[in-house]
Amino acid sequence: MLTKLKKRVQQMLTAEAKVAQKIGLTPNMISAIGIAFAFLSALAYAEWHLLLATVLLLLSGFCDVLDGALARLFQETTAFGGFLDSLLDRYADAAIYVGIILGSLCDAPWGLMAIIGSLLVSYSRARAEAAGIKMESVGLAERAERIIILAIASIIAIFWQPKEVINASIILLAILSNLTVLQRSLHVHKTLKKKETS
């Protein structure tokens, strides 16, 4: 849902992208920095350092937007860069959920369901686009939405009932991400059916 907004944000990050390029950063380097922030965020969640975990989570999300902005601004987009960015995003998502599970901030079954849903949201898009079906903005909980939900919950959890709030957000993410997979599956089925009958 927020994919179009992400593109607008990328366009707004021209100044930051120019600074990154000036100091010698490439889109792939920024992607690598983003995954490092995600792993550090996971460690912070595991140790219940919620403020630090939230800041690192948001920095990881910022890197995910900035690498695309830099690639587009300086015509550095490559097929491998897109592949690497998507791959590292999956590691980032899984690491953060694992950190939350290891910190006992959520019920493990819901945490695992959130991981599965997160990975399958990406996989369903990749498979659909391989079949020539556009999936941009299809579904309730793409990566940007998931980061925002978890960040908001983490901020609330700093001040009030951390385990209950984080657990509730993980349950919500597990439901929304798997619902997104269902939405995408139905979209693919409908689109392919139209192609077959036309």
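Refer to the structure printed above.
Residues numbered from 1 in each chain as written. Predicted model: local features only at pLDDT ≥ 70, side-chain atom pairs only at ≥ 80, totals over all residues. Heavy atoms only, no water.

Undergrad: Run through the nonpolar core, naming residues and quoting values.
TA: Counting residues in hydrophobic clusters, the biggest one holds 28 residues, and the most contacted among them are Y45, L57, I96, I100, L150, I166 and I170. Listing elements by their share of this core, those giving two or more residues are helix 3 (27-46), helix 4 (50-73), helix 5 (79-102), helix 6 (108-130), helix 7 (143-159) and helix 8 (162-197). Top element by residues in this core is helix 5. It accounts for seven residues. Residues contacting I96, with those up to four places away along its chain left out, are A38, S41, A42, Y45, L57 and L150. Core analysis: the second largest hydrophobic core is formed by six residues, A20, C63, L66 and L70 among them. (Core = buried A, V, L, I, M, F, W, Y, C linked by side-chain atoms within 4.5 Å. Buried < 20%, exposed > 50% of the residue type's maximum accessible area, 1.4 Å probe, protein only. Helix = DSSP H or I, 4+ residues; strand = E, 2+ residues; numbered from the N terminus. Contact = heavy atoms within 4.5 Å.)

Undergrad: How would you explain unusual backbone geometry if you had to name every residue and give the values?
TA: At S104, a residue that is not glycine, the phi angle is positive and equals roughly 55°. Its identity is not glycine, yet Q161 carries a phi of approximately 40°, on the positive side. Along the chain, Q161 turns up in the loop between helix 7 and helix 8.

Undergrad: Describe helix 6, naming the residues involved and giving the relevant values.
TA: Between its first and last C-alpha atoms helix 6 spans 33 Å; for 23 residues at 1.5 Å apiece the expected length is 33 Å, and the two agree. Listing the buried residues of helix 6 in full gives G111, A114, I115, G117, S118, V121, S122, S124 and A128. Two residues or fewer past helix 6, G132 is found with a positive phi of approximately 85°. (Expected span 1.5 Å × (residues − 1).)

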